[in-house]
Structure formats: structure tokens, C-alpha cells
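Understanding the architecture of this molecule
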Amino acid sequence: MEHRRKTIQQQVILDAVRELNIHATAEEVYDRVAAKHPSISKATVYRNLSQMSEAGELVNIGSFFGSTHYDHNCHKHYHFICERCKRVFDVDDYFPDLTEQLSGMDGFEITGHQLTFSGLCHECKS
Ligand SMILES: [Zn+2]
Ligand SMILES: [Zn+2]
């Protein structure tokens, strides 16, 4: 992974992801960026989001409910998705043993894993 300088556009996008702080969807990031910088196109935002997740500056935590979600928290952790309000929460736990236990299975070299829990959040439960 080569080190490259962040462009101004990337910095603006990264700031938007941080400010949203709720595992923003690509759409939400675009809305946020466009509010301040109307000249940036949706395609530019989407392209930069995927480039930054490839570079390890953001984490693409997957597609839920039809939208790709991004996380600015690059530490290893899991996610919980509320089926009712559709918010994505951090689960600050990580089980490295899972990767170890499965290593060697069918000759795969496993370097990481993602785990997503689903159910009802504390607000929706009550
Ligand atoms: Zn909820
Ligand atoms: Zn997260």
C-alpha cells in the first residue's frame, strides 16, 4: 500500500464521515459534503470513499438496507444493526481467536474477519 497525500476532496469527505459518526452511508456522506461544497459530484464522493477504504483510511463495513456504510473507526470491532431504526452501533469487542481457530481451514490464510449482529437497540426495545 503506497503512501499518498490526501487530496482536499478526500479530507473534506473524511471530515464528513467523522462528523456523522454513525457509520454513515455513502448517500449521507454525499449530502453532508454537498451542503458545504456543492460543486463536488456524487460520483467523486463515492469514488473517493472506495479509494479511501482500500487505502485503510476508512472501513467499508458492508451494505445493509441497500446502502454501503463507512466507518472512520479503523480499530478492530464489530457492529450491531438495529432492525427497526436501522442505526449501526459499534460493539467494542474483538475475538482474535476466531481468526486463529479458522486459520488453516481449506488452506485459506485468514487475515481478519467482520461480524455483524442484528436485533433491537435499547431505544427500540422499550
Ligand atoms: Zn433501534
Ligand atoms: Zn464501527
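Residues numbered from 1 in each chain as written. Chains lettered and ligands numbered in written order. Predicted model: local features only at pLDDT ≥ 70, side-chain atom pairs only at ≥ 80, totals over all residues.

Before going further, it helps to examine helix H1 (residues 8-20). In a regular helix each residue adds 1.5 Å, so 13 residues correspond to 18 Å; H1 covers 18 Å between its end C-alpha atoms and thus fits that length. Within H1, burial applies to Ile 13, Ala 16 and Val 17. Looking down the long axis of H1, one finds its buried residues gathered within 100° of arc, a one-sided arrangement. Turned more than 90 degrees off the buried face of H1, the exposed positions are Ile 8, Gln 11, Arg 18 and Glu 19. Contacts from the buried residues of H1 go to helix H2 (26-36), helix H3 (42-54) and strand S2 (67-71). Once H1 ends, the next one or two residues include Asn 21, with phi positive near 50°. (Helix = DSSP H or I, 4+ residues; strand = E, 2+ residues; numbered from the N terminus. Expected span 1.5 Å × (residues − 1). Buried ≥ 20, exposed ≤ 12 C-beta atoms within 10 Å, placed from the backbone. Arc of directions from axis to C-beta. Contact = placed C-beta atoms within 7 Å.)

The next thing to look at is the sheet that holds strand S5 (residues 116-119). One open sheet accounts for three strands, arranged S4-S3-S5; its pairing is mixed. The outermost strands of the open sheet, each flanked by one partner alone, are strand S4 (88-91) and S5. Each strand of the sheet is rotated relative to its neighbour by a mean of 25°, with strand direction disregarded. (Pairing = 2+ DSSP bridges. Axes fitted to C-alpha atoms, helices over the stretch in contact; angles between N-to-C directions.)

What follows covers H2. Among the residues of H2, Val 29, Tyr 30 and Val 33 are the ones counted as buried. An end-on view of H2 places all buried positions within 100° of arc, on one side of the element. Looking at the buried positions of H2, the neighbouring elements they touch are H1, H3 and S2.

The domain architecture assigned to the protein consists of domain 1 (8-71) and domain 2 (78-125). A separation of 22 Å is found between the C-alpha centroids of domain 1 and domain 2. Listed per partner, the contact involves seven residues of domain 1 and seven residues of domain 2. Looking at which element gives the most residues to the side of domain 1 that touches domain 2, the answer is strand S1 (residues 59-64), with three residues. (Domains from an automatic or database assignment.)

Phi at His 23 takes a positive value of approximately 60°, unusual for a residue other than glycine. Mapped onto the secondary structure, His 23 falls in the loop between H1 and H2. Although it is not a glycine, Phe 65 adopts a positive phi angle of roughly 50°. Under the C-beta neighbour-count criterion, Phe 65 is labelled exposed, with 10 such atoms within 10 Å.

Between H1 and H3, whose axes approach to 10 Å, the crossing angle comes to 85°. Taken together, the axis directions place H1 and H3 in an arrangement best described as roughly perpendicular. Counting all contacts with H1, which are made through Gln 9, Gln 10, Ile 13 and Leu 14, the residues of H3 involved are Thr 44, Val 45, Asn 48, Leu 49 and Met 52. (Parallel < 35°, antiparallel > 145°, perpendicular 65-115°, else oblique.)

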